[in-house]
Amino acid sequence: GENVEQHPSTLSVQEGDSAVIKCTYSDSASNYFPWYKQELGKGPQLIIDIRSNVGEKKDQRIAVTLNKTAKHFSLHITETQPEDSAVYFCAASRSNTGKLIFGQGTTLQVKP
Amino acid sequence: DTAVSQTPKYLVTQMGNDKSIKCEQNLGHDTMYWYKQDSKKFLKIMFSYNNKELIINETVPNRFSPKSPDKAHLNLHINSLELGDSAVYFCASSQVAPGGETQYFGPGTRLLVL
């Protein structure tokens, strides 16, 4: 069945360093890949997404890359700040099915 | 002003009870979802409704019954609660139109079954 693997499960970086989270998906028909940030006690919030016709997308300190051939996509956060500390989820779906398959989550800790 | 709201925020109940969680969205979206987040933070879709019609129904015990009275509301009723139902339940909504896949999540309902 559909599956999304996410690594690492925990990531600790110093403030100002970069953080990279990687995901692999199994369904080759997936064409929509969002990333969500979940702060403690809150619901997941979309931070960036990418569609399969694009290889890379950037929004200020956040960028996402997609390798459709290898079925990999990654989240890159540069110049990390303590407020970036949260759980990050990748997900994959076939566009407009609404069925998001989530990765297991990465707990990011940014140390001041 | 909250885009997707859920009530209650916390729910503590005994095994065997029946309980309901309510969700409302004011974004004008056509599609609403229920997700379950377990103690390991894993998020899994349970149900999805589009304009009051059930379109996704994952392998969920039939003790869970969603109901959508209109496209702005999606409620979740759980019968005969079990210990394993303890989790955080999230409601979400999205638009059907192409490019409208973004799902907006509510704040969650923390269910504890004793």
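None of the values given here were measured: they were computed from a predicted structure. (Residues numbered from 1 in each chain as written. Chains lettered and ligands numbered in written order. Predicted model: local features only at pLDDT ≥ 70, side-chain atom pairs only at ≥ 80, totals over all residues. Heavy atoms only, no water.)

Visitor: Looking at this model, I keep getting lost on the overall build of chain B. Mind explaining?
Guide: From N to C terminus, chain B includes zero helices and 11 strands. Across chain B, helices and strands are ordered from the amino to the carboxyl terminus as β-β-β-β-β-β-β-β-β-β-β. Against the compact-globule benchmark of 13 Å for 114 residues, chain B has a radius of gyration of 13 Å, which places it among compact chains. Based on the C-alpha atoms only, the size of chain B along its principal axes is roughly 40 × 30 × 25 Å. (Helix = DSSP H or I, 4+ residues; strand = E, 2+ residues; numbered from the N terminus. Rg over C-alpha atoms; globule rule 2.2 N^0.38 Å.)

Visitor: Would you mind showing me how to read the overall build of chain A here?
Guide: Each helix and strand in chain A was counted, giving zero helices and 11 strands. The secondary structure elements of chain A, listed N-terminal to C-terminal, are β-β-β-β-β-β-β-β-β-β-β. Here the C-alpha radius of gyration of chain A, 13 Å, is about what a compact globule of 112 residues would show, namely 13 Å. When its C-alpha atoms are laid out on the principal axes, chain A stretches across 40 × 30 × 20 Å. Out of the 112 residues belonging to chain A, those deemed buried represent 45%. The long-range fraction of contacts in chain A, counting pairs at least 24 apart against all pairs at least 6 apart in sequence, stands at 54%. For chain A, the accessible area works out to roughly 5,400 Å², and carbon and sulfur atoms hold 46% of it. Within chain A, one finds 12 positive and 12 negative side-chain charges whose respective centroids are separated by 6 Å. (Buried < 20%, exposed > 50% of the residue type's maximum accessible area, 1.4 Å probe, protein only. Contact = heavy atoms within 4.5 Å. Areas by Shrake-Rupley, 256 points an atom, 1.4 Å probe, with all protein chains shown as cover. Lys, Arg positive; Asp, Glu negative; His and termini not counted. Charge placed at Lys NZ, Arg CZ, Asp CG, Glu CD.)

Visitor: So what exactly am I meant to see when it comes to unusual backbone geometry here?
Guide: For residues that are not glycine, phi is negative in most cases, and the peptide bond is trans in most cases. The amide bond that connects A:H7 to the next residue, A:P8, takes the cis arrangement and shows omega of -5 degrees. Cis geometry marks the peptide bond from B:T7 to B:P8, where omega comes out at -5 degrees. Mapped onto the fold, B:P8 is located in the loop between β1 (4-7) and β2 (10-13). Phi is positive for B:K41, which is not a glycine, with a value near 75 degrees. Relative to the assigned elements, B:K41 resides in the loop between β4 (31-37) and β5 (43-50).

Visitor: Looking at this structure, how should I read the layout of surface pockets?
Guide: Which parts of space are left empty comes out when a probe the size of a water molecule is rolled across the atoms. For the largest pocket, the calculated volume is near 280 Å³. Contributions of two or more residues to the lining of the largest pocket are made by β5 (45-51) of chain A together with β10 (104-105) of chain B. Among the residues forming the lining of the largest pocket, the class breakdown is eight nonpolar, six polar and two charged. (1 Å grid on protein atoms, 1.4 Å probe; cavity = no way out; pocket = protein on both sides within 12 Å on 5 of 7 lines; lining within 4 Å. Points joined across faces, edges and corners; volume = space filled by probe spheres on them. Nonpolar A, V, L, I, M, F, W, Y, C, P; charged D, E, K, R; others polar.)

Visitor: Looking at this model, I keep getting lost on the sheet that holds strand β3 (residues 19-25) of chain B. Mind explaining?
Guide: Hydrogen bonds between backbone groups are what pair the strands of a sheet, and the pairing can be parallel or antiparallel. Residues and elements named next belong to chain B. Sheet architecture is open: four strands sit in the order β1-β3-β8-β7, paired in antiparallel fashion. The open sheet is flanked by β1 and β7 (64-70), the only strands paired with a single partner. Looking at each pair of strands side by side, their axes are set apart by 20 degrees on average, direction ignored. Where β1 lies against β3, four bridges are found, and the strand directions are antiparallel. (Pairing = 2+ DSSP bridges. Axes fitted to C-alpha atoms, helices over the stretch in contact; angles between N-to-C directions.)

Visitor: Help me understand the environment of A:I62 in this model?
Guide: All names here are of chain A. Along the chain, I62 falls in strand β7 (residues 62-67). Spatially, the C-alpha atom of I62 lies 12 Å from that of Q81, the residues being 19 residues apart in sequence. Leaving out residues up to four positions away in the same chain, I62 has contacts with I47, I48, K57, L75 and H76.

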